[in-house]
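Next come the chains, spelled out residue by residue.
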Amino acid sequence: MSTRARRRPAALTPDSHTFPTRRYDLVKEFVLALVGVVVLTLGLAIVFGSPDERAISLQDWAKAAPNDVVATAAAELSGDSGTAGYGPPYNDASEGQKLLGIPLQKWAGVTYPIDAANDFVINPLKAVQGGDPALGLALNVWAKASADRQATWSGNYLNALGNAENDPANVAQGDYGPVPALSTAYERLAATGGLEQLISQNSFYGGDPTRRLLLLADGTYLEDQARARSLGGDQWGMMNETGNYPGQPWLWLYTFWYQVPPFSTSDNADALVWGLMMLLSLALLLLPFIPGLRDIPKVIPIHRLIWRDWYRQEREAVGTRPPPPSDATIET
């Protein structure tokens, strides 16, 4: 009995010493690349860079928009400000952002407690009430009132300010208690520059800007300034830069989702975008293991375009190679 078996020839491994070579000056290439990148960066910064503006202080805010400071103080006292109703990590006013029904902020808990009315308004005013009998009287009346009474006063005054286009001088008479006196005293304190340090008493050197930024964000002035410089959330603001340097183009994908529904219209946009980016990052990490996606280079062979010289040389060399040995036949 005889059988015939087919034996495949062993793969030929080319000798690396036979590959074509050329001189390559690594230092020269590095210097040219460095100079090119520097020139390109400076040129783009000059053409597209935005003005290098200093940070907005609470004093700047009070001098530029005093009525906004008064309205913000009333909102902090009434609990209607953004910080007062934000939820974790500042307070328990709301559950915060959710992802697929999971209350991520609530689970994280209150890690940076802020009582907006007291930390932002009442406590700073208490620190400067000496020598101002009218302010001392207003603080005393406020402290003796019940929480419901305080909410009624501040809510009434905040609504009255809205009807008067946030101009305290045009507010109609009403049941406001000491809130008008507290709010105007607060604006005067901010205009002197004294509020800057008082609002950050948890840090001796004022190195933690969290409270100052939250207070600024509770007003409208900061957002108006940001939108005037194309830094709004619906203006691709996350990618833009306020200094004389190009922005952060690598954030384009993260910022993109904020421009399209349902993210642009959702109260949970931050959590939804974060979840989507984590999913996309996981897909990129597992790309070599995902059928279909891992075959994209075969369907769109961009690598052949990049290495076209090598492939051309391979095709030309095929005709000069000796033919492979024929299949061996083994009889038993």
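Asks: Before we move on, could you go through the overall build of the protein chain and cite the residues and values that matter?
Replies: Scanning the protein chain from terminus to terminus reveals 16 helices and four strands. Every one of the 332 residues in the protein chain was classed for burial, and the buried ones make up 28%. Sequence-distant contacts in the protein chain: of pairs separated by 6 or more residues, those separated by 24 or more amount to 57%. Here the protein chain has roughly 22,400 Å² of accessible surface; of this, 60% comes from carbon and sulfur atoms.

Asks: Just give me the short version of helix H13 (residues 269-285), but keep the residues and values in it.
Replies: The first and last C-alpha atoms of H13 sit 24 Å apart over 17 residues, in line with the 24 Å expected at 1.5 Å per residue. Among the residues making up H13, those that are buried are Ala-269, Ala-271, Val-273, Gly-275 and Met-277. In this fold, the buried residues of H13 make contact with strand S2 (98-99), helix H4 (104-108) and helix H12 (252-256).

Asks: How would you summarise unusual backbone geometry if you had to cite specific residues and measurements?
Replies: Cis rather than trans, the peptide bond between Pro-88 and Pro-89 has omega equal to 10°. Along the chain, Pro-261 connects to Pro-262 via a cis peptide bond; the corresponding omega equals 0°. Among the structural elements, Pro-262 can be located in the loop between H12 and H13. A positive phi is found at Glu-165, a non-glycine position, where the angle reads about 55°. The topology assignment puts Glu-165 in the loop between helix H7 (147-163) and helix H8 (179-192).

Asks: For the nonpolar core, give the residues involved together with the corresponding values.
Replies: Judged by nonpolar contacts, the single largest core of 44 residues is most densely connected at Phe-120, Leu-125, Leu-182 and Tyr-186. Elements represented by at least two residues in this core include exactly helix H2 (58-64), helix H3 (66-78), helix H5 (116-127), helix H6 (133-144), H7, H8, helix H9 (195-198) and helix H10 (210-218). Those residues in contact with Tyr-186 that lie beyond four places of it in its chain are Val-69, Ala-73, Phe-120, Val-121, Leu-125, Leu-195, Ile-199 and Leu-215.

Asks: Hey, could you go over the pattern of salt bridges for me, with residue numbers and the actual values?
Replies: Applying the stated criterion across every chain, the model contains eight salt bridges. One salt bridge connects Asp-234 with Arg-227, and the closest N-O pair in it is separated by 2.9 Å. The residue Asp-309 makes a salt bridge to Arg-312 at a minimum N-O spacing of 3.0 Å. Here the residue Asp-309 and the residue Arg-312 both occupy positions in helix H16 (residues 308-318), the gap between them amounting to three residues, near one helical turn. Looking at Arg-312, the relative accessible area reads 36%, which means it is partly exposed. Sharing partners across several salt bridges, the network here consists of Glu-95, Lys-98 and Lys-106.

Asks: Quick rundown of the packing of aromatic side chains? Include the residues and the values.
Replies: Each aromatic ring pair is summarised here by two numbers: the centre-to-centre distance and the angle between the ring planes. Taken as a whole and assessed by the stated rule, the structure comprises eight aromatic pairs. Centre to centre, the rings of Tyr-86 and Tyr-90 are 5.5 Å apart; their planes meet at 55°, and the pair counts as tilted. Aromatic side chains Tyr-90 and Tyr-112 sit 6.1 Å apart centroid to centroid with 90° between the ring planes, which places their arrangement in the edge-to-face category. With a gap of 22 residues between them, Tyr-90 in the loop between H3 and S2 and Tyr-112 in the loop between H4 and H5 connect regions that are remote in the sequence. Among the residues examined, Tyr-90 registers a relative accessible area of 16% and is labelled buried. Accessibility expressed as a relative area gives 22% for Tyr-112, which makes it partly exposed.

Procedures and definitions
- Residues numbered from 1 in each chain as written.
- Predicted model: local features only at pLDDT ≥ 70, side-chain atom pairs only at ≥ 80, totals over all residues.
- Heavy atoms only, no water.
- Helix = DSSP H or I, 4+ residues; strand = E, 2+ residues; numbered from the N terminus.
- Buried < 20%, exposed > 50% of the residue type's maximum accessible area, 1.4 Å probe, protein only.
- Contact = heavy atoms within 4.5 Å.
- Areas by Shrake-Rupley, 256 points an atom, 1.4 Å probe, with all protein chains shown as cover.
- Expected span 1.5 Å × (residues − 1).
- Core = buried A, V, L, I, M, F, W, Y, C linked by side-chain atoms within 4.5 Å.
- Salt bridge = Lys/Arg side-chain N within 4 Å of Asp/Glu carboxyl O.
- Phe/Tyr/Trp six-rings, centres within 6.5 Å; stacked < 30°, edge-to-face > 60°.

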